[in-house]
Amino acid sequence: RDTVIADLGNMVQEVDLDWFFENLLPPLPKGIDISTVIKQLEELGAITEDGWTGFSCDPKAERRHEDIVFAQLGPVFQAILDAVKELHPSLQQTFTLLFQPTRFPLSERGRSTKPDNCWVSVEDIENITKDPTRFYTWYTIAGPAEDKRLAESSREQRNKVPQIVYNLQQIMSLDPCRRFTFGTTMQNRQMRVWFACRGVVLTTKACDFLKDHHRLVHLFISFAFSSRKDFGWDPTIICIDPEFSSLDRRKRRVYEIEVRNDTGEAKYYKTVRILADYAADSTVSRATRVWLVEDDKGDQYVLKDVWLDMDRLPEHEIRTQLLDDVLKECGPDDQATLKRHLLTPHICGKVFVDGVIDTTDGMMRKEVLQLSHASVLTLELESIANPLRQSCDPASASVVTHSHSNRKSQTKPPTAILQQTLSFRHKYHYRIVFAEHGHTLFEEKSLLNVYIILTDLLTALHITHRSGWVHRDISCGNVYSYDKDHPRGILGDLEYARRCDATEIHQLRTGTLDFMASEVISQSWDYLPIPPEDDDEDDIQPAPFAYNPLHDLESCWWLLVYILFHNEDASNVLSDPNCISQRQNLINSLFTRRPDTT
C-alpha cells in the first residue's frame, strides 16, 4: 500500500461534490428526480426527523463492531430501491450492494486485500452468494467501499484512508477490462466518493451521509442503475472465459480484444497468454499490457494495449518517422537492417468507445477536471519496513555530482528531483498488433543468446543514433528474442523514441528506473569533465540537460548487470546461504525501482 500511495506523491486532489456528481458519477436514469424519491422515502417511513430509520445513530457512538454497524446500509439501500421502483416500476436494477467484510476477493495473483463492502452486478450476485470462494473476485467488483466507525480526522483512522486507494489500484491493475472505477469511504458520518483512471486518482470533499439524504440517495441510485460502461468497463475487451487459478499460471482468464485501424476496420483477437502487465500496477500510468493473441484463423500475433499522453505520437507513426530518417541519413541498407530488429505493425489504431476516441478527458461528461493545489487530501503511509530494503546502503540514496562552480563532490537527494505535483494526465487509449512474437530478454536463459540479442540491440541503436534519434526506454521488457532456432534481437516500445534535436519538453522523465542512466534519473549532467585550473569557470555554462545516445548505451550495460544478478549459472548454482544473502543485498541496493537506485 505504501508503494501505491507513494506512486501518487502521497496526495490526491479533492473536488467539489457538485462537480463530481455532474461530471463523473454514472448518470441518473431518465425521469428520476431525487427530491421526489426522498419525498417517497419519507412517506414510506424510511426517513424521519431523526434521519434514516435503520441508521440514525453516529457510528462512533456504537459499541458494536463496525462491520455490523455499517451493515445497516443494507436496509437503507433497499428502502431507496423500493422507493424508486414504486415511482418507476419499469426501471431495471443492474448493480447491488454486497457486504463481505471478512472475505478476500480472488484474482490471478492470489489475494492481498479485502474491501468492507462493494458493488457487484445483479447478474453476478447469485453465483457469488452460492459459491463466494469461486465467484467473489476482483473482476466482479464494480467499486469497493471502506467503512470505519471513527472519524477520518482521528489518529487511529488517519492511515486507513489509503486502503480505498489500494483497492482502486487492485481493480485497475488486475482487470484489463476496466477503463476506470469508483469507490466510497465512510468514516463515522463522513462520506467521500473516489474515482481512479489512468489519468488521475481523486476524491470528493467529505459530506455527512446521515444528514445529507440527497447525496446518499443520488449516489445509490446512480450505482444501482448504472450501465457497465458507466461503471468503468471497456466494451471493446470482453472476458470470454472467466475461469482462472491463482496457483496455475497456465489457467488464466481469456479475453477477446477489438483493434481498429485508422479507416475504422475492426479485427478481433483472442488472448493466449499475458506477456507483460507489470506497468499496469501503477494506477496513473501508461498501463501497458502485452498479450500473445490469435485471430480467427489461429495465426498468432502480439497485441499491446496502452494509454498514451495526448502530446505523444502513436508507436506506428514514430516507427515510420524513424525509418524515414534512417533512409535519409544512413541509406537503404541500414534501413533494411533496422527493420529486421524492430517489431512490424500488423494493425493498429486508437480505441473507440461509442464511436468516440477513448480518452481520460472523455470520461468526464461536461467539464474536464481543472486541478487546483488549494484542495489536496494528503495520504499517510503506514511506514511498514520492507525487509528487502533493510540491507540497502543508506549512501545509495544520494547522487554524487560534479559541478563547474564547485570542484568538490556535491550530494543532492533524488527525492527533490522527482518531487511529484498533482496533475491530470490527458491520455488516449491505443492498441497495436505486431507480426513477430518471441520472448523478452529477461526470459532468455542462454547466456550465449543474451549476448546475441544484445549485439543485435547495439546494431539497431547504432543505426538509430546515427540517424539522429534516441530510444529512451531500454529495458528487459522491451528487448525481445525472435526465432528460437536462429535467435534475433528485436527492439520494441518506440513510444518514447524521439529525435535528438526535438524541442518539445514533456512533463515526466522517461524510462524504466532499473535500467535508466543515472544522469537521466537525476536530470542533470553528473559526469561532465572538470575544466582545467586556468579556465574561467564563471564563463562556462553547461548546456541544459538532454537525453543523448550515451544514455541508451548505459541502459544496455544495466541490462546485462540485471541479467547476471538475477540468474544462476546452471552448472554452478549458488548454495552458500551467506553468499545468497550477500548477492540479494547487492541486488536490493542496485535495483530498488526507486530514484535512489544510483
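This report concerns the structure included in the present document. (Residues numbered from 1 in each chain as written. Predicted model: local features only at pLDDT ≥ 70, side-chain atom pairs only at ≥ 80, totals over all residues. Heavy atoms only, no water.)

1. Considerations on the overall build of the protein
A tally of regular secondary structure across the protein gives 16 helices and 27 strands. For the protein, with 598 residues in total, the buried portion stands at 51%. As displayed, the protein has an accessible area near 28500 Å², and 50% of this comes from carbon and sulfur atoms. (Helix = DSSP H or I, 4+ residues; strand = E, 2+ residues; numbered from the N terminus. Buried < 20%, exposed > 50% of the residue type's maximum accessible area, 1.4 Å probe, protein only. Areas by Shrake-Rupley, 256 points an atom, 1.4 Å probe, with all protein chains shown as cover.)

2. With respect to the side chain of R488
Tracing the backbone through its elements, the reader meets R488 in strand β26 (residues 488-491). Within the buried set, R488 has no salt-bridge partner at all; the shortest N-O distance to an opposite charge, 5.3 Å, is to E436. R488 has contacts with R340, H341, D456, Y480, S481, Y482 and D483, leaving out every residue within four places of it along the chain. (Lys, Arg positive; Asp, Glu negative; His and termini not counted. Salt bridge = Lys/Arg side-chain N within 4 Å of Asp/Glu carboxyl O. Contact = heavy atoms within 4.5 Å.)

3. A short note on helix α10 (residues 315-329)
With 15 residues, α10 ought to run about 21 Å at 1.5 Å a step, and its terminal C-alpha atoms sit 21 Å apart, in line with that. Regarding α10, the residues found buried are E315, H316, I318, R319, L322, L323, D325 and V326. Positioned one or two residues after α10, G331 has a phi angle of 105°, which is positive. (Expected span 1.5 Å × (residues − 1).)

4. Description of the layout of surface pockets
Volume-wise, the second largest pocket comes out at about 590 Å³. As for the second largest pocket, its lining consists of 25 residues, and the residues nearest its centre are Y139, T140, C239, P242 and R253. Mapped onto the lining of the second largest pocket, the elements with two or more residues apiece are α6 (122-130), α7 (132-135) and β11 (237-241). Split by residue class, the lining of the second largest pocket holds twelve nonpolar, seven polar and six charged. (1 Å grid on protein atoms, 1.4 Å probe; cavity = no way out; pocket = protein on both sides within 12 Å on 5 of 7 lines; lining within 4 Å. Points joined across faces, edges and corners; volume = space filled by probe spheres on them. Nonpolar A, V, L, I, M, F, W, Y, C, P; charged D, E, K, R; others polar.)

5. Observations regarding the sheet that holds strand β14 (residues 289-294)
Pairing within the open sheet is antiparallel, and its seven strands lie in the order β11-β12-β13-β14-β15-β22-β16. Of all strands in the sheet, those bounded by a partner on one side alone are β11 and β16 (345-350). The mean angle between the axes of side-by-side strands here comes to 35°, regardless of whether they run parallel or antiparallel. Taken together, the five bridges between β16 and strand β22 (residues 427-434) define a ladder with antiparallel strand orientation. The residue of β22 that forms the bridge with I347 is V433. With respect to the sheet, α10 is in contact with β15 (300-309), β16 and β22, its orientation differing from that of β22 by roughly 65°. (Pairing = 2+ DSSP bridges. Axes fitted to C-alpha atoms, helices over the stretch in contact; angles between N-to-C directions.)

6. Remarks on the nonpolar core
General note: in soluble globular proteins, nonpolar side chains tend to be found buried as a group. If you look at the biggest cluster of nonpolar residues, it comprises 82 residues, and the most contacted ones within it are F20, L41, W52, W119 and F195. With eight residues, helix α5 (residues 73-87) is the single largest residue contributor to this core. The residues contacting W119, other than those within four sequence positions of it, are F77, F95, T96, L97, T140, I141, A142, G143, F220, F223, A224 and F231. With 32 residues, the next largest nonpolar core counts L457, A460, C476 and V479 among its residues. (Core = buried A, V, L, I, M, F, W, Y, C linked by side-chain atoms within 4.5 Å.)

7. As for the pattern of salt bridges
Pairing between side chains of opposite charge can happen when the charged atoms of each approach one another. The full count for this structure, using the stated rule, is 33 salt bridges. In this structure, D358 and R179 form a salt bridge, with 2.7 Å as the shortest nitrogen-oxygen distance. Here R179 lies in the loop between α8 (161-174) and β7 (180-187) and D358 lies in the loop between β18 (356-357) and β19 (376-378), a separation of 179 residues in the sequence. Taken individually, D358 and R179 each receive the classification buried, so the pair is uniform in this respect. Salt-bridge contacts for E258 lead to R260; the nearest nitrogen and oxygen are separated by 3.1 Å. Given the relative accessible area of 14%, E258 is considered buried. In this structure R260 comes out as partly exposed when scored by relative accessible area, which is 28%. Residues participating in the shared-partner salt-bridge network are R286, K304, E315, D473, D493 and E495.

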